Structure formats: C-alpha cells, structure tokens
Amino acid sequence: CVLVVSVVEQLAQVHNSTIQASMERLCSYLPKKLFLKTTCYLMVHKFGSGIIKLLEAGMNADVVCHTLEFCKQNTGQPQCHLYPLPKESWKFTLEKARQIVKKSSTMQYPRSGSDICSLPFLAKICQKIKLSITNSVPYKDVDSDKYSVFPTLRGYHWRGRDCDDSDKTVYPGRRPDNWDIHRDSNCNGIWGKDPKDGIAYEKKFCEGSQPRGIILLGDSAGAHFHIPPEWLTASQMSLNSFFSLPMAITNELDWPQRSGVTGFLDSTSRIEEKSIYLRLRRRNHCNHRDYQNISRNGASSHNLEEFIKSLSRNQLLDHPAIVIYAMIGNDVCNGQTDPVPRMTTPEKLYSNVMQTLKYLNSHLPNGSHVILYGLPNGTFLWDNLHNRYHPLGQLNKDVTYAQLYSFLGCLQVSPCSGWLTSNRTLRTLTSERAEQLSNTLKKISTSEKFTNFNLFYMDFAFQEIIEEWRRRGGQPWQLIEPVDGFHPNKVASFLLAENFWKKVQLQWPQVLGKENPFNSQIEQVFGDQGGH
C-alpha cells in the first residue's frame, strides 16, 4: 500500500497532474492480462476518493495506508513507517486523517484479513500460482513427466522445454531411446539418421561425449528474484514499464530464464558472461535443454525436503547431472526482530544436508556430481547501500535503503533482518553464523562419500566478484537488486557463474565433461535451437 500510494503521489508530481489523473495514469500503464488493469480501476473506484482527500490534505503514504486500514499496528508493536513520522503525534494525525475520510464511501469496505486474491476474477490465477509454488512442478503438464510446453507457472522457464507433452517417456535429460532414430526422446533436438551412412545422428554426435544436465537446488537468489526498478520509478514509467508483469507474477517474481545457473536467454545487461547451463550447452550441444531450477523463494536447508521431490531424474534411464546446492541465505536470514534464535545451527545444518544428500544418492544416475555452495558474508549490503537512495526515494531524495530496511524490519517482512540492520553487532553475529554454516558444508564435502556422485564444496566468492566488477569500472552497489536491496542482481549472477566455471575447470574439470568435437556438425544439421 505504502509503495503504491508513493508511486501515485510521484506520478502526479512528475506529470504536474491531479491525484485522480495520476491514479488513472498508473492503471492505464498496466496490462489487461491477469485482470491487472481491471483490478487497478476497481481499487481506484473503491479507495480513490479517500486517497485523493488525504494526499491533498498533505498526509504521507504511511498515514494514508493506516487511515484506509490497509496497514495496522498491533498492540504493543512499534509504529512502522517508511517516511519520517508527522510533527504532530501519530495518534493525533491519524485521528485527523480519519475525520477527513469519514464522509467518504471508502470506509465501508472491510479489509481486515482479506487479500487481493479474494477478488472473484483473481481467485483462479492466485490458485494456480499457489499450487505451482506448493508443488514446484509445472502447472500445465499433460503427461505428468514434470516438463512442460508452457513457460511460466513452473514451466520451461524453470526446466527444459518438453518436446512431446503427450508422452511421459519423452523429456529432457534422458538417455536416447534406440539412439533416437525415430523420435527425439530427450528433447535435445538431435534425432533421425544420416542418409549418407544410415548411422543415427545421436549415436554419431553424442555417444561418448558424456552428456549431463545442470540442476540447481536453491532459494530466491538462485531463482533470480527481481522487481524491475521502473515499476517504482515514476519518472521512468511508461506504457512499456509493466509489459513483463503478468509473466513475473506467474513466475513468483522470479526470472529463472535469466538466472546465472539455468538461464537460457542471453543477458540483457552489458556483460557478455553466460549462465552455467549455456556454457555446458556450448561445451557439448548434446546437453541442449537439460536444466532444472529447483528453487523457491524462502527456501532453506529446513524446507528443501518439501519440494526436492519435484526434481526429475531417473537413476536408470537418464544422463548424470551436476547438482548445485545453493541455500545461500535463509538459514541465517529471517524477518524476526531478534533473528538469532531462528538461525540454523551447524548441527542442524549437518543433519538437514545429509538428508538431502541421501535423497540425491537414491535418485541421481551414477557418475553425477554435487557441489555444496557456501554462504556469503552479507555485511557488504549495509556497508554499500545504507546511505544511498532507494528507487522510490530518488525523485525527492526522501527514502534511503536504511529507511527501507528499518521499515521492512519493523513489519517483520525483511528478507534478512540480521544483515539489513543498523545494528553492527547483529550484522557481525549473522556473518559469523554464515561462516560456521559454510564450514559445516565444507566438512561434509571432505568427510562424506556417496555411491552415485562425487561431492565438492565451493565458497560463495562475493568479494572476488566485487573486485572483478571494480576492475571493469563498476561499483559494489551496482551488483545488488535495487528494489529489495538484498539479492544479487543479474550482473552479479553472471559474474558468479563465470567465477564458478573457472574454478571448476581448474580444480575438477571432470565435473563439466569433455568438449564435444561434433558441435559444429550438430549445428550444421540441426541449427541453433535457441538454448531452450
């Protein structure tokens, strides 16, 4: 509510228009898909008059949202606010604001306990999104093989595109059926036989090339959580700003198709690095489409068991896989005012990770590899961002990241109240626990052995990424998502992929498999199929 009202106010300022015109402008920018435009106009119809009266009376977004009861203060809880508190007491200001809207029809709509999904035309899409989050498998999957021909709702943005959704024996990553003479059973685009000698192309080009897939077990960073800053920046907003909003909503505000591990679309940023999947595919074109992003916002070593079963790998029928275990934040990050008691202990992490590794050992084909990724030291977030202006604060120089972090922390929805805080002691404690957990992962990688995969450990080398970015003339803050001020952005993700690739090539080249000498011939016969 506070973000939307702030944007409405700023749009009026930028276009020198009334609040009414500003609200209508915002609605006009939204796409018709998913009833977004309709919902916006409905909200303006219901609450617009109250918002107009309050903003015209000089109330800020915090006061507006409390007056309209979108925000509430629980008894005994501090007063959460993004903007500075009014000069007069909060209680007095709120009472004054309530008097202003008393005559307005706004107050007759109860909002307690209801959310946007309770609107009749949004219920269906909300249900689809909730289902795909819960199950972490494609919502549209006719043959139930966990692969889809549909991009979002956990479709091929998250794992290779199915090439026959009516046959559950056809999917990316499997060993070819009878060398794919008659059909493309593994969706890598290679099938049929060479008319010159009658040898199956899959046998000719892929046999002995050691094909393998890439699987990420991750959290919101691995899924590439991203809110485009233009959604909150009034001065940049246009009809094109929200074009990708329906897709982003049905992908849970994640962009796995552009992530550093499984992304198959070329980066839109100015760097030329590619995802780990695209590098594997470039190394061996037989790896085409064999990627799975098994990540979830809020995932940790604790709740991975809830969705690890969405991983698709048949021990007997499929190619080996490289699995990256990258729970890089939520074992130390939570939104609690005192986050320390909720942090995972090294003992608990050991137990959780062992459970995951045993599950992988019973599902991965022999010859697979698992890499445990360490946790970062997140103190660089506060150090590099706290005194910078957030996209919402750039127009009037009135919202810094320190204010945003404090607001989210007060609401107990901070992505990481241990690092996104002015409390230096708490930031240090959080980093110390992250280091202990990384050491636990390192210990597991050296002391435990499994029959179906080799186990490795890699540090989360954010300091190296910062140094590399500085060498290219960049600043550390440019590597963080500007809206949430927490996640690595796409530049950071691709630099991390490059760092990962170089280290694996140097230390464990067997993980990546051989370079396929037939790549150019595959391209000659089958063309470049676009990576997905």
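Residues numbered from 1 in each chain as written. Predicted model: local features only at pLDDT ≥ 70, side-chain atom pairs only at ≥ 80, totals over all residues. Heavy atoms only, no water.

### What to know about the overall build of the protein chain
Here comes step 1: Per the secondary structure count, the protein chain includes 17 helices and five strands.
Here comes step 2: A compact globule built from 532 residues would reach a C-alpha radius of gyration of about 24 Å, and the protein chain, at 25 Å, matches this within 12%.
Here comes step 3: Taken along the three principal axes of its C-alpha coordinates, the protein chain extends 85 × 50 × 40 Å.
Here comes step 4: Counting across all 532 residues of the protein chain, residues that qualify as buried make up 57%.
Here comes step 5: Looking at the protein chain alone, contacts between residues at least 24 apart form 68% of all its contacts between residues at least 6 apart.
Here comes step 6: Accessible surface, the protein chain as shown: approximately 23800 Å² in total, 53% of it carbon and sulfur.
Here comes step 7: Between the averaged position of the 60 positive side-chain charges in the protein chain and that of its 51 negative side-chain charges there is a distance of 3 Å. (Helix = DSSP H or I, 4+ residues; strand = E, 2+ residues; numbered from the N terminus. Rg over C-alpha atoms; globule rule 2.2 N^0.38 Å. Buried < 20%, exposed > 50% of the residue type's maximum accessible area, 1.4 Å probe, protein only. Contact = heavy atoms within 4.5 Å. Areas by Shrake-Rupley, 256 points an atom, 1.4 Å probe, with all protein chains shown as cover. Lys, Arg positive; Asp, Glu negative; His and termini not counted. Charge placed at Lys NZ, Arg CZ, Asp CG, Glu CD.)

### As for the UniProt feature "domain: Saposin B-type" (unreviewed entry) in the protein chain
Here comes step 1: Sequence positions flagged by UniProt for "domain: Saposin B-type" (unreviewed entry) are, in local numbering, residues 1-75.
Here comes step 2: Secondary structure content for residues 1-75 is 69% helix and 0% strand, and the end C-alpha separation is 21 Å. (UniProt positions renumbered as here; feature names shortened; annotations may be inferred.)

### Considering the pairing of strand β4 (residues 368-373)
Here comes step 1: Here β4 lies mainly inside the structure; six of its six residues are buried.
Here comes step 2: Burial along β4 is two-sided: Ser368, Val370 and Leu372 and His369, Ile371 and Tyr373, pointing in opposite directions, are all buried.
Here comes step 3: This β-α-β element, strand β3 (residues 321-326) to helix α11 (residues 346-361) to β4, shows right-handed connectivity.
Here comes step 4: Taken together, the six bridges between β4 and strand β5 (residues 453-458) define a ladder with parallel strand orientation. For tyrosine 373, the partnering residue across the bridge sits in β5 and is methionine 458. (Right-handed = clockwise from strand over helix to strand, strands pointing away. Pairing = 2+ DSSP bridges.)

### Describing the nonpolar core
Here comes step 1: With 131 residues, the main nonpolar core has Leu357, Leu360 and Leu372 as its most contacted residues.
Here comes step 2: In terms of residue count, helix α16 (residues 490-507) provides more of this core than any other element does, nine residues in total.
Here comes step 3: In this view, leucine 372 contacts Tyr325, Val353, Leu357, Leu441, Ile444, Ser445, Leu455, Phe456, Tyr457 and Met458; residues no more than four positions away in its chain are not counted.
Here comes step 4: Ranked by size, the runner-up nonpolar core spans seven residues in total, among them Cys117, Leu119, Ile125 and Cys126. (Core = buried A, V, L, I, M, F, W, Y, C linked by side-chain atoms within 4.5 Å.)

### Focus on the side chain of asparagine 499
Here comes step 1: Looking at the secondary structure, you find asparagine 499 in helix α16.
Here comes step 2: Overall, asparagine 499 belongs to the buried group, its relative accessible area being 14%.
Here comes step 3: Each residue touching asparagine 499, except ones within four places of it in the same chain, is listed here: Ala461, Glu464 and Ile465.

### So, α11
Here comes step 1: A rise of 1.5 Å per residue sets the reference length of α11, with its 16 residues, at 22 Å; its end C-alpha atoms lie 22 Å apart and thus fit the reference within 8%.
Here comes step 2: Listing the buried residues of α11 in full gives Leu349, Asn352, Val353, Met354, Thr356, Leu357, Tyr359, Leu360 and Asn361. (Expected span 1.5 Å × (residues − 1).)

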